[in-house]
Every structure is written in structure tokens, then in C-alpha cells.
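Chain by chain, the residues:
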Amino acid sequence: MATSGFSAKGLRRLREVLARHVESGRIPGLVALASRGGQTHVEALGTMRHDGGAPMRRDTIFRMASTSKPVSIAAAMVLLDECRLRLDDVVEPWLPELAGRQVLKRIDGPLDETVPARRPITVRDVLTSTFGLGMDMTALGTPILNAIFERGLTPNLPVEAPEPDEWMRRLGELPLMHQPGEHWQYQISSDLVGVLVARVTGQSFEDFLRERVFEPLGMKDTGFHVPADQIDRLPPLYAPDPQTGEFLVWDEAKAGRWSRPPAFQGGGGGLVSTADDYHAYFRMLLNGGVHNGERILSRPAVELMTTNRLTAEQNAARTALATRNVHLSFGQGQQGGWGFGMAVRTYRGDYAPIGQFGWDGGSGTSAYADPANQVTGLLLTQLGYTVPDPAHLMNDFWTTLYQALED
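Residues numbered from 1 in each chain as written. Predicted model: local features only at pLDDT ≥ 70, side-chain atom pairs only at ≥ 80, totals over all residues. Heavy atoms only, no water.

A. Highlighting the pairing of strand β4 (residues 39-49). Pairing of strand β3 (residues 29-36) with β4 involves eight bridges; the strand directions are antiparallel. Considered in β4, the bridge of Arg36 is made with Gln39. Counted between consecutive antiparallel strands, the loop separating β3 from β4 contains two residues, among which Gly37 sits at a positive phi close to 65°. Bridging between β4 and strand β5 (residues 52-55) involves two bridges; their strand directions are antiparallel. Following the sheet pairing, Arg49 is matched in β5 by Gly52. In textbook terms, the turn of a hairpin is the stretch between consecutive antiparallel strands, and for β4 and β5 this stretch comprises two residues. (Pairing = 2+ DSSP bridges. Helix = DSSP H or I, 4+ residues; strand = E, 2+ residues; numbered from the N terminus.)

B. Region of interest: the sheet that holds strand β18 (residues 375-380). Taken in spatial order, the eight strands make up an open sheet running β5-β4-β3-β18-β17-β16-β15-β14, and their pairing is antiparallel. In this open sheet, the two edge strands, each paired with only one partner strand, are β5 and β14 (336-338). Each neighbouring strand pair of the sheet contributes to a mean axis angle of 20°, computed without reference to strand direction. Along the sheet face, helix α9 (residues 275-286) touches β3, β4, β16 (357-361), β17 (365-370) and β18 and points at about 155° away from the line of β18. Set on the sheet, helix α11 (residues 312-324) makes contact with β14, β15 (343-345) and β16; between it and β14 the angle comes to about 120°. (Axes fitted to C-alpha atoms, helices over the stretch in contact; angles between N-to-C directions. Contact = heavy atoms within 4.5 Å.)

C. Highlighting the packing of aromatic side chains. Evaluated as defined, the whole model comprises 13 aromatic pairs. Relative to Phe247, the ring of Tyr238 has its centre 5.4 Å away and its plane inclined at 75°; by these criteria the two rings are edge-to-face. In textbook terms, an aromatic cluster arises when at least three aromatic residues are bridged by ring pairs, as seen for Trp184, Tyr186, Trp338 and Trp359. For Arg345, the ring lying beneath its charged end belongs to Tyr368, and the centroid distance is 6.0 Å. (Phe/Tyr/Trp six-rings, centres within 6.5 Å; stacked < 30°, edge-to-face > 60°. Lys NZ or Arg CZ within 6 Å of the ring centre and 35° of its normal.)

D. Expanded view of the packing of helix α6 (residues 164-172) against helix α7 (residues 188-201). Running from N to C, α6 and α7 point in directions that differ by 125°, and their axes come no closer than 11 Å. When the axes of α6 and α7 are compared, the pair comes out oblique. Our pair here, α6 against α7, has a crossing hand that is left-handed. Residues Pro164, Asp165, Trp167, Met168 and Leu171 of α6 lie in contact with α7, whose contacting residues are Ile188, Asp191, Leu192, Val195 and Arg199. Grouping the amino acids of the contact of α6 with α7 by side-chain chemistry returns seven nonpolar, no polar and three charged. (Parallel < 35°, antiparallel > 145°, perpendicular 65-115°, else oblique. Left-handed = near helix turned anticlockwise from the far one by under 90°. Nonpolar A, V, L, I, M, F, W, Y, C, P; charged D, E, K, R; others polar.)

E. Geometry of the pattern of salt bridges. Tallied over the full model, the rule gives 29 salt bridges. Between Arg58 and Asp276 there is a salt bridge whose closest N-O contact spans 2.8 Å. With Arg58 in the loop between β5 and β6 (62-63) and Asp276 in helix α9, this residue pair connects regions lying 218 residues apart in the sequence. The class for Arg58 is partly exposed, based on a relative accessible area of 40%. Asp59 is the salt-bridge partner of Arg233, the closest N and O atoms lying 3.8 Å from each other. One end of the pair, Arg233, is in the loop between α8 (205-217) and β9 (237-238); the other, Asp59, is in the loop between β5 and β6, with 174 residues separating them in the sequence. For Asp59, a relative accessible area of 29% gives the class partly exposed. Because the salt bridges share partners, they merge into one network encompassing Arg151, Glu166, Arg169, Arg170 and Glu173. (Salt bridge = Lys/Arg side-chain N within 4 Å of Asp/Glu carboxyl O. Buried < 20%, exposed > 50% of the residue type's maximum accessible area, 1.4 Å probe, protein only.)

F. Inspection of the environment of Ala54 at higher detail. Checked against the element boundaries, Ala54 lands in strand β5. Judged by relative accessible area, which is 44%, Ala54 ranks as partly exposed. Taking C-alpha positions, Ala54 is 23 Å from Tyr385, a pair spaced 331 residues apart along the chain. Those residues within four positions of Ala54 in sequence are excluded, and the remaining contacts are Thr47 and Met48.

G. Spotlight on α9. Under the 1.5 Å per step criterion, the end-to-end length of α9 is 16 Å for 12 residues, consistent within 8% with the ideal 16 Å. Within the span of α9, buried status applies to Ala275, Asp277, Tyr278, His279, Ala280, Tyr281, Phe282, Met284, Leu285 and Leu286. Once α9 ends, the next one or two residues include Gly288, with phi positive near 70°. (Expected span 1.5 Å × (residues − 1).)

As C-alpha cells, then:
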């Protein structure tokens with residue numbers, strides 16, 4: 001018996017596998033959503049805290065971490081659709097802090113050993129994460145990455161990111177790691193998109209996202225903080241001790257980072273949301289930009305976002321990160337390609353087919369859509385990647401979701 005494209009037996013296995021992770025004691029709770037065609041299947045298992053308390057519910061709010069990237073990029077796509085941005089526009093009119101760039105002679109060299117950038121940074125460079133600065137886990141300990149951390153330019157540091165103009169000032173003090181357009185690099189581009197959108201529109205990044213993306217999609221619980229009257233729906237975020245597995249709280253709900261509006265609205269990792277809100281967004285992408293008869297993005301914009309935008313040369317660092325550090329990433333990040341703000345599968349390395357798009361988050365979140373099978377999947381937890389458990393859970397979620405397909 002098929003349930004709109006999922007077999008009853010397959011969905012039972014999905015629940016059993018997820019329950020096994022929760023019952024192990026290593027995953028406090030989760031919300032999982034699988035949809036295909038017109039039917040949606042949701043599992044809410046476990047509790048909000050590792051030691052019990054309120055049960056996980058379908059409307060539990062989660063810190064989306066890097067799973068923010070595929071959603072926040074939609075703001076830039078709206079501006080492309082309206083010709084308020086062009087892909088090959090130079091960004092300096094809006095981001096003057098990035099004018100006249102210098103580029104390191106070598107990635108591990110001193111910050112003053114530079115050459116001039118061969119060309120200015122463009123909108124395309126920012127949207128494809130190739131503008132020249134970013135997180136490079138193969139270059140930890142180098143002067144440039146140390147400087148990025150010291151300036152508070154990345155999320156999840158003890159010191160929160162400053163407001164956007166100060167963030168840009170600090171970013172503008174640094175040389176680029178690579179020439180514009182040469183190398184894919186993680187994270188900073190996604191935050192830079194938010195500053196770019198705010199300066200082009202004259203609105204805050206969140207206000208523009210809310211007006212043009214969240215409200216039309218009915219994403220009522222998505223934003224950069226959780227209102228006080230909803231804070232009980234947000235579980236604590238755990239970063240377990242890698243040696244002992246002890247559940248250490250990285251961020252508490254009440255009085256925590258997401259209990260108040262942040263100084264910096266980070267498109268790279270700042271959103272909170274729910275399974276149903278994210279489902280609405282990814283279903284809109286699968287539907288070519290339309291939600292309930294209303295067009296949110298043009299079909300070409302969606303196609304641009306959700307297909308690979310990188311050459312092999314641009315992608316070399318990402319490929320190296322995925323394959324050489326697989327023991328650290330627990331197998332995540334090996335999709336091959338990258339579009340705008342999200343991974344795109346360019347080879348079949350597991351159960352998911354070529355063309356699947358989405359991304360994972362370091363707080364134990366995962367969101368992908370698959371045009372070939374018309375499938376959307378979401379897995380939301382409150383457990384950071386200090387231990388392999390959330391990655392193992394994600395792997396098993398996607399395996400069991402795909403084994404449940406019935407054609």
C-alpha cells in the first residue's frame with residue numbers, strides 16, 4: 001500500500017530508525033517531515049531537553065544554523081527578478097568597504113604580503129560564495145583565519161557579531177584569501193548577502209525577507225529571534241562534550257542568543273524556524289517559485305539557485321573539504337555542486353539522486369528537496385556537531401526516507 005508515494009512499510013521503518021536514535025539517549029528529540037505530492041508525513045519524537053521535560057512537537061522552533069542559507073538567499077533572488085541587482089554588477093556602490101581589494105600572496109602568509117585584486121567583486125561572486133573570503137577548515141591556524149575569528153566575523157563565537165556597518169568595516173580591513181571568482185569558500189558570503197540586500201532596499205534584511213518571502217509563504221515562525229511569548233517552543237541547543245558525551249548547553253532558550261533581536265541578522269546561520277515553515281519554502285522551490293497560486297520567485301531564479309553554479313576549479317576547495325576531511329564531517333557535505341546559498345547534487349554518492357538541493361546546519365538541522373522524485377525532507381534537532389550523533393541521525397533519516405518511496 002502506497003501513501004501518496006511513500007509505502008506504509010517504509011514509513012514504519014522511518015519511524016523505527018528515528019526512534020532508535022532517540023531511545024539511545026544521544027538524541028534528546030527531533031521533528032522530521034517527509035512530503036511527496038500532496039501528502040506530508042511528520043514524526044515528533046523525544047523531548048525538548050536531554051533530561052526530559054516537554055515533548056517535541058510539530059511546531060517546535062529550532063535554530064536553523066547553516067540551513068538558514070538556502071532560505072535567506074531568496075531575498076537576493078527577488079532583487080534579481082526586479083532588476084534591482086544584476087549578477088555582474090560590481091558591489092562597490094553598496095559595499096564600498098570592499099573596494100580596492102588586496103589579495104594574499106599565499107593562504108598561510110602574513111596579512112601584509114599581498115597583491116592587488118585582478119578585478120572588483122561582483123554580485124555573482126557574492127551569491128556563489130566565491131568573492132574571496134570565507135571559512136576554510138583546511139587553513140585553520142593561518143593568520144587570515146585567526147584575524148577573521150578575532151574580528152567576530154563568523155557566527156557561534158563567544159562574542160556575537162556586531163551590527164552590519166561595523167561588521168563591514170572589520171571585513172574591509174582584511175585582504176582577500178583568493179582572487180574574486182576563483183574559489184568557493186564557506187559562510188561569509190551568506191552573511192554578506194544580507195548586508196547587500198539591506199543596503200540595496202533600505203530595509204533591514206529581516207524586514208525585506210518577511211515582506212517578500214516569509215509572509216507570502218505563511219512562514220509565521222521564521223525570523224532572527226523568538227518572541228518572548230513563544231520562547232517556550234524553543235529547546236536549548238546542546239554541544240555535547242566530544243570526549244564524554246555530556247550534554248553541555250551551548251545556548252539556553254530564555255535569555256539566550258535567540259531570545260532577543262540580534263545586532264547582526266546573519267543570512268549564513270541566524271534563522272529560527274519550524275518544520276512546516278521550511279516545508280512551505282522548499283515546496284515553493286519544487287513548484288518553480290509558486291506557492292498557493294502566488295508567484296514568490298520566477299522559475300529561472302529558482303533554476304539558477306538550485307543548479308550547480310561552480311566550475312571544477314572554483315569547487316576544488318569544497319571537494320577537498322568534503323573528501324579529505326570526511327572523518328571530521330561524518331560524511332556530510334559531499335553533494336558535489338553548489339548553487340546560490342545551497343548544495344546541489346552533481347553525482348550520485350548515496351540514496352539521493354542528482355539534482356537534489358538544500359543544506360545542513362551545525363545545530364543538527366537538514367533540509368533538502370528533490371525535483372526528480374518531488375520529495376521534500378526536513379530533520380530538525382537541537383544537537384550540535386561536536387559529536388557524530390546528529391550526522392549519523394541525518395544519514396539514517398535520508399536513507400529511510402528514500403527507501404520509503406513507492407512508485
